[in-house]
Amino acid sequence: MYWIIINDTEQGPYTLEQLSGIGLTSDTPVWREGMAEWLPAGHVDELAALLPVPQPPAIADEESCGTADTPTETGQPSMMTAGPATATDTVRTVVYAPADAIPAGYVAITPADKPVCPPTYLVWAIITTVVCFLPMGVCAIICATKVKGHFRAGRFDKAGRMSERAALFVILSIVAWLIWMPFSIVFAML
């Protein structure tokens, strides 16, 4: 049984036969029992026959949030992003390939343009939840925990937005605490 994510909505469970009629793409996130995390369908061997076009293999490195530096035949690493060049919020797989091996519809990214995982602000979110204003801190924690997941899935824009929201909720939690603190001291004196 397989579960998939389409338009940020988890759907399933599906059998292999049902997945063949859904129009599964190589970028569709898929999970089944026994898998450690969601993977694009192009990286799941048993789904290869259901996909319209086979994708190049991805080389991942956890420390760089989903990319790796591997030199090509020319000695210079060259990256390409799997997925349409015009889509702004699709799941993308980052792979290295020689510059002349980039197929049509793929975007070449130089090593200098390699995306960097945005900060999560998780530690600050936890501290502000415990010390400052609980509701804002909880919102900060929720946003902070989504940053790396979106980044590893190739949704760089969403990862950046979640990072910004986590920072905003941390700041709002501190501001709310600073506003409430004088009132709580006055009430304690009465």
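Rules of the game
- Residues numbered from 1 in each chain as written.
- Predicted model: local features only at pLDDT ≥ 70, side-chain atom pairs only at ≥ 80, totals over all residues.
- Heavy atoms only, no water.
- Helix = DSSP H or I, 4+ residues; strand = E, 2+ residues; numbered from the N terminus.
- Buried < 20%, exposed > 50% of the residue type's maximum accessible area, 1.4 Å probe, protein only.
- Contact = heavy atoms within 4.5 Å.
- Pairing = 2+ DSSP bridges.
- Salt bridge = Lys/Arg side-chain N within 4 Å of Asp/Glu carboxyl O.
- Core = buried A, V, L, I, M, F, W, Y, C linked by side-chain atoms within 4.5 Å.

Now for the overall build of the protein. Within the protein one finds four helices and seven strands. For the protein, the succession of helices and strands along the chain, N to C, is β-β-α-β-β-β-β-β-α-α-α. In the protein, which comprises 190 residues, the proportion classed as buried is 33%. Of the contacts formed within the protein by residues at least 6 apart in sequence, a portion of 53% connects residues at least 24 apart.

Looking at where Ala48 falls in the secondary structure, it is placed in the loop between β4 (39-40) and β5 (79-82). The exposure class assigned to Ala48 is partly exposed, which follows from its relative accessible area of 48%. Ala48 sits 23 residues away from Thr25 along the chain, and the two C-alpha atoms are 9.9 Å apart.

Moving on, we come to the pairing of strand β1 (residues 2-6). Looking along a regular strand, one sees the side chains alternate between the two faces of the sheet. Pairing geometry for β1 and strand β2 (residues 9-14), over four bridges, is antiparallel. Along β2, the bridge assignment pairs Ile4 with Gln11. Here β1 folds back onto β2 in antiparallel fashion, the turn holding two residues, of which Asn7 has a positive phi close to 55 degrees. Of the strand pairs in this sheet, β1 and strand β3 (residues 29-32) are connected by three bridges, and their pairing is antiparallel. Residue pairing in the sheet places Trp3 in a bridge with Trp31 of β3.

If you trace the four strands from one edge of the open sheet to the other, you get β2-β1-β3-β4, paired in antiparallel fashion. Every other strand in the sheet has two partners, leaving β2 and β4 as the edge strands with one partner each.

Should the charged atoms of two oppositely charged side chains come close, the side chains can pair. All told, the structure shown has two salt bridges when counted by the stated rule. For Asp8, the salt bridge goes to Lys158, with nearest N and O atoms at 2.1 Å. You can see Asp8 sitting in the loop between β1 and β2 and its partner Lys158 sitting in helix α4 (residues 156-189), a full 150 residues away along the chain. Note that Arg32 and Glu46 form a salt bridge whose closest N and O atoms lie 2.6 Å from each other.

Mapped onto the elements, Ala144 comes out in helix α3 (residues 134-152). With 21 residues separating them in the primary sequence, Ala144 and Arg165 have C-alpha atoms 8.1 Å apart. Not counting residues up to four positions away in its chain, the partners in contact with Ala144 are Thr120, Tyr121, Leu122 and Ala166.

Moving on: the side chain of Ser173. Relative to the helices and strands, Ser173 resides in helix α4. When neighbours within four sequence positions are excluded, Ser173 is seen to be in contact with Thr128, Cys132, Phe133, Met136 and Gly137.

Tyr2, Ile4, Tyr14, Leu19, Leu24, Val30, Met35, Ala41, Val44, Leu47 and Leu51 form the largest nonpolar core, which has 11 residues in total. Of all hydrophobic cores here, the second largest spans eight residues; its members include Cys117, Ala144, Val147 and Ala159.

What is shown is where atoms sit, not what they do.
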